[in-house]
Amino acid sequence: MSGEMGHTWRVWPVLLLLLLAVLLPTLGLLWFMNEAINSQRRAAEQEIAEAYRGQMSLARDGLKGVWEQSGIALDQAARERSGAALFEHCVRSGLADAVICFGEKGELTYPAAPAVPVARDKPRPPEWREAERSEERGRSAEAARIYEEIARSAVDPDLRARAWQAQARSLVRAGDGEAAVQLIVERLETPGYRAARDWQGRLISADAALLALQLMKNPSDRRRLPVARHLFRSLTDYRAGSLPAGQRLFLMREVRALGVPPEFAGFPTYEAEQLAARFMEAESKPVLDPDLRRTSLPDVWSQASPNGRVLALLRTQTVVSRSQMFLDRQMLSSGLRILISPPGGQVATANALLSAALASPLSGFSLALVTENQRSPGELSRRRTQVYVWVGFLMIVAMSVAALVAAGLLQRRLRLAQLRTDLVASVSHELRTPLASVRVLVDTLLSDTALDPGKTREYLALIAAENARLGRLIENFLAFSRIERRKYSLELASVEPGAIVADAVEAAGERFRAPDCVLEVAADPHLPRIWADSGAMVTVLVNLLDNAYKYSPGEKRIALRACSRNGAVCFEVEDHGVGIAPRERRRIFRKFYQADNRLSRSGGGCGLGLSIVEHIVRGHGGRTEVRGELGKGSVFTVTVPAES
Ligand code: ADP
C-alpha cells in the first residue's frame, strides 16, 4: 500500500461543470426575457403610434396657428404704439425676447441710431466759443465760470442745460468733483432740464445723473439714492421723447457696473436691448420673413409680423418652451407627450413612437410623440439592463450556492464510501498476517506428538506477540472508526506524565526487550502534571514506539523521553531508522497515507497510526512535530500543555 488512498475524488472539475451548467442557462434565459420584453414593447408602441397619428396632425396645425397668431399680435401692438413704446410693450408682454420696430413706411424706429441732432440750428452765444477756448488752454475753472454765466442768462432750457453740462464737465477737469455733484443734484428736478438734449440728441439729465453717481465715491452718500432713482426712471421710460436706444443701453450697462441698489439697477428690458443691439450689429439689413428664420446670431430666430411693422427676435429656448406650453395643453392620455425639438435638437426620433417635421412657420422644427419615461432617451434601457444584471447575478449566486452545497454533500458521501472501502481492505489485509502466523504456530504445536517444553514456550511467546500485535491493530481500527464517526471522546483528568511513559513502555511489549533492540527511557522525575486522558496518551506513545520499531531495520536504538519545556510537557520518541523525507513530513499525518518505502509494507500497518496520534494530541490542545534526516532516523515530539 503506498501513496494516498483518500481524496482521490477531485472536486474542482465537477464544480466548474456545475457552474457552467448554471451560468449558460441563466444567460440564455436573460437574453430570451430581454428579447421577449423588447418585442412586446415595440408592438405596444406601434399600436399607440397608430392611435395617435390624428392627434399629431392636430398638434401640427395648432402650432402653426399659435405662431401665425403671434405675428398678428405684433402688428396689433404696432397699431397702437410705435418706436420705443412698441419695443417695451412687445418685450414686457412676452411677445418676443426682443423686437426691431419699423414705421409705416418701413423705416427703422427702434432701436435706431442716435436721433438726428435736434438743435444744430439753435445758435450758440458768442461766450460759448470763449469758454471752449479756455477749456482748450486747460483753464477749466475759468471755463466753468463762463458756462455758469451762460446758463444764468439763457432763456432756452436746452441751452441752459447744455451750459450746466459743460460747467459740470469743466468743474471735474478743474478737480472740483464735489462742486460738479452739487451742481447736478441741485439741477436734476429743475423744470425743463429733464427733457433737455445735447447737440447729438442725447438726454442731458441722464448723462449728468450717471456722472454724479460716478463722482459720489462714498456709498453712504445720502444724495446717491435720489440720483439713482432719477436715472432708473429715465432709463425705464419708453414714452415718446425718451432716450435714444444707444444711450439707454450704454447707461444701463454703466449703472449695472456701479453697484447701486438692485431696485435701481434691475432693468426689465436690459436683455432685450442687448439682444436687439447685437442683432442690429450683426444684420444691418434685417430680412422680414413671416416664417421663423435663423438669424446670424447663434440660437436666435427672427419672425416678422405680417404687415412688416415688427421683427420679433426669439431665442430657441423661447420658441421651444412657448410651443411646448401649447402642446402640453393638448389632451393626451397619461404617460404620453408630444415634444417639439429645434433643428438638430436632442429628442432622438429613434426613441419616439411617432415623429413629424413641421412646416411653415416652424420649418426645421420637429414633433415627436414619446412615452413619459422616454423623455431622457437611454435612461429606460439603462434601468432595464440594471434590473437584468441584478436578476441574473442573484440567480447565478443562488444557483451557485445550491451547486456548492450539493457538491459538498456529494463529496462527503463519496469520501465516506471511499473510507469504508479503504478500511475494509486494510482491516482484512492487516488481520490476515498475524492470524496466519498464529495458525501455523498452533498447527505445528498440535502436530507435535511429544511436546518439547523449550520449543513450546518459544512458540507460545511468538503467539502472544502476534496476539498483542492484533490487539494493537484492532485498538487502532476502533479508535479510527470512533474518530470518523465523531464518537471519540477524551476523558480528561490530572495525570502524571511519568505514569504515561511507564504504561506506554509496558504496553509496547516484550519485543523492545529483545537482544536486537535497545530502548532508552528517560522521564524527568519533576515533570508538571498534565490534564489528559491517560489511556489515549498511552495509545499515542505506543503508536510512535511501534513506528520507531517498524521503521528501524536491523539493530534498533530507540529512545523515549519526557521533559518539561516552556510550561508544557514534551514526549519524544527517537529512532535511528530509515527517517522521513522533508516533503513527507506533513503528509504522513493524513489518513491512510504511507510514505513510499518498502518497510511500510514489510512492517505492516495501514497508515492510520499517525492520524490517530494527531487527532488525540489536538484534542489535548497540543501539537505533534517530526524532525530528522532521511536514512538517519527521526524524532517525533508531542507537546501537551501542563496543568495550570
Ligand atoms: P503505518 O501504519 O503505515 O505505520 P502511520 O500513520 O503510523 O501508518 O505512519 C504513516 C507513514 O509515516 C508510514 O507509512 C511511514 O512511511 C512514515 N513513518 C511513521 N513513523 C516513522 C518513523 N519513525 N520513521 C520513518 N518513517 C515513519
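Note that the structure is a prediction, hence the values are computed from the model and not measured. (Residues numbered from 1 in each chain as written. Predicted model: local features only at pLDDT ≥ 70, side-chain atom pairs only at ≥ 80, totals over all residues. Heavy atoms only, no water.)

Trainee: How should the site of the ligand be read in this particular structure?
Mentor: Surrounding the ligand, one finds 21 residues, the nearest of these being N547, Y551, D575, Q594 and L610. Take G609: an N or O atom from its main chain is 3.3 Å from an oxygen atom of the ligand. If you list the elements that add at least two residues to the shell around the ligand, you get α15 (534–550), α17 (609–619) and β15 (633–641). A breakdown of the residues in the shell around the ligand according to their chemical character gives ten nonpolar, nine polar and two charged. (Near = heavy atom within 4 Å. Polar contact = N/O pair within 3.5 Å; in protein donor to acceptor, adjacent residues only side chain to side chain. Helix = DSSP H or I, 4+ residues; strand = E, 2+ residues; numbered from the N terminus. Nonpolar A, V, L, I, M, F, W, Y, C, P; charged D, E, K, R; others polar.)

Trainee: Looking at this structure, how should I read the side chain of S170?
Mentor: Within the secondary structure, S170 sits in helix α5 (residues 157–173). You can call S170 buried: its relative accessible area is 0%. Discounting chain neighbours no more than four positions away, the residues touching S170 are E135, S140, A143, A144 and Y147. (Buried < 20%, exposed > 50% of the residue type's maximum accessible area, 1.4 Å probe, protein only. Contact = heavy atoms within 4.5 Å.)

Trainee: I keep staring at a nonpolar patch on the surface and nothing clicks. Help me out?
Mentor: A contiguous nonpolar patch, built from W390, F393, L394, V397, V401, V405 and L409 and spanning about 700 Å² of accessible area, is present on the exposed surface. Tracing the sequence through the fold places V401 in helix α12 (residues 379–447). (Patch = residues over 30% accessible without salt bridge, like charges linked within 9 Å, V, L, I, M, F, W, Y side chains within 5 Å. Areas by Shrake-Rupley, 256 points an atom, 1.4 Å probe, with all protein chains shown as cover. Salt bridge = Lys/Arg side-chain N within 4 Å of Asp/Glu carboxyl O.)

Trainee: Which parts of the structure should I look at to understand the pattern of salt bridges?
Mentor: When the charged atoms of two side chains lie near each other, side chains of opposite charge can form a pair. Taken as a whole and assessed by the stated rule, the structure comprises 36 salt bridges. A salt bridge links E132 to R129; the shortest N-O distance between them is 2.7 Å. Of the two residues, E132 and R129 are both situated in helix α3 (residues 126–136); the distance of three residues between them amounts to about one turn of the helix. Residue R129 is classed as partly exposed on the basis of its relative accessible area, which comes to 38%. In this structure, E273 engages R248 in a salt bridge whose closest nitrogen and oxygen atoms are separated by 3.6 Å. Taken together, the residues E273 in helix α10 (residues 270–282) and R248 in helix α9 (residues 245–258) connect sequence positions 25 residues apart. Side by side, E273 and R248 carry an identical accessibility label, which is buried. Shared partners join several salt bridges into a network, and the residues in it are R561, R565, E572, E574 and R627.

Trainee: What exactly am I supposed to notice about the environment of N566 here?
Mentor: Among the secondary structure elements, N566 is positioned in the loop between β12 (556–565) and β13 (568–574). Residues N566 and P244, spaced 322 residues apart in sequence, show a C-alpha to C-alpha distance of 106 Å.

Trainee: Could you clarify how one ought to interpret the pairing of β12 in this entry?
Mentor: In the case of a regular strand, side chains alternate between the two sheet surfaces. Across seven bridges, strand β10 (residues 517–523) lies against β12 in parallel orientation. Counterpart to E520 in the pairing with β12 is A559. Looking at chain direction, β12 and β13 are connected through seven bridges and run antiparallel. Looking at the pairing, R561 lines up with E572 of β13. (Pairing = 2+ DSSP bridges.)

Trainee: I'm lost on helix α7 (residues 204–215) in this one. Help?
Mentor: One full turn of an α-helix is made of 3.6 residues, so residues set three or four places apart face in the same direction. Taking 1.5 Å of rise per residue, twelve residues should cover 16 Å, and α7 covers 16 Å from first to last C-alpha, within 8% of that figure. For α7, the tally of buried residues reaches nine of twelve residues, placing the bulk of the element in the interior. Along α7, the residues that are buried comprise I204, S205, A206, D207, A208, A209, L210, A212 and L213. (Expected span 1.5 Å × (residues − 1).)

Trainee: Whenever I open this one, the sheet that holds strand β7 (residues 354–357) confuses me. Can you help?
Mentor: In a beta sheet, neighbouring strands pair by backbone hydrogen bonds and run either parallel or antiparallel. The antiparallel open sheet is built from three strands, whose spatial order is β6-β8-β7. In this open sheet, the two edge strands, each paired with only one partner strand, are β6 (336–341) and β7. Taken pair by pair, the neighbouring strands of this sheet meet at an average axis angle of 20 degrees, ignoring direction. Bridge count for β7 against strand β8 (residues 366–371) is four bridges, and the pairing is antiparallel. Residue pairing across strands places A356 opposite L367, the latter belonging to β8. Across the sheet, helix α11 (residues 316–329) touches β6 and β8, and the angle it forms with β6 is around 160 degrees. (Axes fitted to C-alpha atoms, helices over the stretch in contact; angles between N-to-C directions.)

Trainee: Would you mind showing me how to read α3 here?
Mentor: Along α3, the residues classified as buried are W128, A131, S134 and E135. An end-on view of α3 places all buried positions within 120 degrees of arc, on one side of the element. For α3, exposure combined with an orientation more than 90 degrees from the buried face picks out P126 and E136. Structurally, α3 contributes buried residues whose contacts are with α4 (140–153) and α5. At the exit of α3 stands G138, carrying a positive phi of roughly 85 degrees. (Arc of directions from axis to C-beta.)

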